Amino acid sequence: MVPTAVSRGLLGCECCGLVSEVVAAADYPRCPRCGFALHTRKPQSLQRTTAYLLAAVVLYLPANTLPIMATASAIAGRESHTILGGIIELWHTGSWDLALIVFIASIAVPILKIAALTLLAFTARRKSRWRQAERATLYRVLETVGHWSMLDVFVVVLLVGMVRFGAFASVEPGAGLLAFGGVVVLTMLASSSFDPRLIWPEPATDD
Amino acid sequence: MQAVTRRVLAGLGLVDRQPAVNAHPELVACEECDAVYVRRLLEAGEVARCARCSAVLGRGHLLAVDGQLALSSGSLVVFVLGNVSDIVTLDLRGVHSQVTLWESIWYTWLSGQEVVALLAGATAFGFPLAVILLRLYVLTPLAAGKRVRGFVPAMRALRWVTRWSMVEVFLFGTLVAIVKIAGLASVVPGVGIFSFGVLTLLLAANQAAGLHGIWQQASKLPP
């Protein structure tokens, strides 16, 4: 049996890591070292995660259907590019390795993140004890790779700055980029709102 | 006094609180599953993991405070260099164009995507700069054995901005952009891109140490 902070009347500070013991009933205990509010679990963690997730799902559609940028050049004329279109283009020009990386960062990571957080929030709500160690690892992976989806936002911003040859060639950002940036920020907020301690409901069991 | 007012004042440290909690610095609680352990000193390079969920509980410090301070000072130098130098120089049939991070953000703003420009500016410039400056602000006095004024709010802000600093993603974005543009114009990488490369490494080395070590170091000192 693993001794947990909750079962011993202790609270771990989410900000500075100090462990405190609750000695008197306080409606609002704070960390004696950094003053951060102490709680056994983040308040309204699942509600906030779900809200951010839903918003991310809503924005996911325009992010992938609207053009993230438009190129204009004297030779090819005006063209709009979606995220998927840009990846296919990279693939055809022979950069299959970069195409794969952008595919992972822009398409795979956001989908997997939304799916994984849905799974985590759903199992946490049911106080499930199913594959707890694996779910804990899944959460850690999400936290590590989450911000890499911002890749496409930076690529377009840099292309806008680089390609400024007047009538010859120019690049403009599109509305899809705003939606895409929104998806990245919202999924990051969703995963930071999720409290991984909810994967381990009390009382802890020996398994 | 009204409960709410008292709560706010107590949060700011302006009124004495009932000692509702006692600190237990000899213990460590897993941040990801709440398991408690007795703290022990780790050797340099040693990593302690939670027996239940295998989250990292702590790392033995490879770098003391002055080592971390050196990393942060180095980060500031390459950060400034990366932001004032060209990332790439483009050559389209004799027409040259140099690009800095700021120009890219500015032209994105001008083309009507102000929110995207702000997002890129914050994650590639604002938050990384805040990380470096806050680390310097906290670590410089700490290396001299002093605790700086506003240590607690600075550390809390540091925890927040570290999460939203994305220099490494920006660096990779420049590489993808260079490959995408290679068919249109010839591209020469500039000092900026190498500076961001070094900055990525320095920030990663800095962040590997985490913030709990700084908290512990500071709590040994009088406030």
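Residues numbered from 1 in each chain as written. Chains lettered and ligands numbered in written order. Predicted model: local features only at pLDDT ≥ 70, side-chain atom pairs only at ≥ 80, totals over all residues.

Caption draft 1: Region of the structure containing the overall build of chain A. In terms of helices and strands, chain A carries 6 helices and 5 strands. Reading chain A from its N end, one meets helices and strands in the order β-β-α-β-β-α-α-α-α-β-α. Whereas a compact globule of 207 residues would reach a radius of gyration of roughly 17 Å, chain A reaches 22 Å, over 25% beyond that. The C-alpha extent of chain A, read off along each of the three principal axes, is 75 × 35 × 25 Å. (Helix = DSSP H or I, 4+ residues; strand = E, 2+ residues; numbered from the N terminus. Rg over C-alpha atoms; globule rule 2.2 N^0.38 Å.)

Caption draft 2: The sheet that holds strand S6 (residues 88-92) of chain B, seen in detail. Residue and element names in this part refer to chain B. The strand order S7-S6-S8 describes an open sheet built from 3 strands, whose pairing is antiparallel. The strands lining the two open edges of the sheet, one partner per strand, are strand S7 (95-99) and strand S8 (186-189). Across the sheet, the mean angle separating the axes of adjacent strands is 20° when strand polarity is ignored. Across 4 bridges, the pairing between S6 and S8 is antiparallel. Counterpart to Asp-91 in the pairing with S8 is Ser-186. (Pairing = 2+ DSSP bridges. Axes fitted to C-alpha atoms, helices over the stretch in contact; angles between N-to-C directions.)

Caption draft 3: Fine view of helix H6 (residues 167-181) of chain B. Residue and element names in this part refer to chain B. Counted at 1.5 Å a residue, the expected span for H6 with its 15 residues is 21 Å, and the 21 Å between its end C-alpha atoms agrees. Within H6, 12 of the 15 residues are buried, which leaves it mostly tucked inside the rest of the structure. Along H6, the positions that sit buried rather than exposed are Val-167, Val-169, Phe-170, Leu-171, Phe-172, Gly-173, Thr-174, Val-176, Ala-177, Ile-178, Lys-180 and Ile-181. (Expected span 1.5 Å × (residues − 1). Buried ≥ 20, exposed ≤ 12 C-beta atoms within 10 Å, placed from the backbone.)

Caption draft 4: Looking closely at the nonpolar core. The biggest cluster of nonpolar side chains holds 114 residues, and the ones touching the most others in it are Val-153, Phe-154 and Leu-159 of chain A. In terms of residue count, helix H4 (residues 114-143) of chain B provides more of this core than any other element does, 11 residues in total. Other than its neighbours up to four places away in sequence, Phe-154 of chain A contacts Ala-120, Ala-124, Val-169, Phe-170 and Gly-173 of chain B. (Core = buried A, V, L, I, M, F, W, Y, C linked by C-beta atoms within 7 Å. Contact = placed C-beta atoms within 7 Å.)

Caption draft 5: Focus on the interface of chain A and chain B. Counting residues at the interface gives 64 residues for chain A, matched by 65 residues for chain B. Residue assignment for the side of chain A that touches chain B shows that the elements contributing at least two residues are strand S1 (10-12), strand S2 (19-22), helix H3 (96-125), helix H4 (132-145), helix H5 (151-162), strand S5 (169-173) and helix H6 (175-193) of chain A. Here the side of chain A that touches chain B takes 10 residues from H5 of chain A, the largest share from any one element. Taken together, the residues of the side of chain A that touches chain B break down into 44 nonpolar, 11 polar and 9 charged. Note that S2 of chain A and strand S1 (residues 21-23) of chain B share 3 bridges and pair antiparallel. Looking at S1 of chain B, one finds that Ser-20 of chain A is bridged to Ala-23 of chain B. (Nonpolar A, V, L, I, M, F, W, Y, C, P; charged D, E, K, R; others polar.)

Caption draft 6: Main features of the sheet that holds strand S4 (residues 77-81) of chain A. Residues and elements named next belong to chain A. Taken in spatial order, the 3 strands make up an open sheet running S4-S3-S5, and their pairing is antiparallel. What marks the edges here is a single partner per strand, and that holds for S4 and S5. Recorded for the sheet is a direction-independent mean angle of 15° between the axes of neighbouring strands. Here 5 bridges tie strand S3 (residues 69-73) to S5, and the two strands are oriented antiparallel to one another. Paired with Met-69 across the bridge in S5 is Pro-173.

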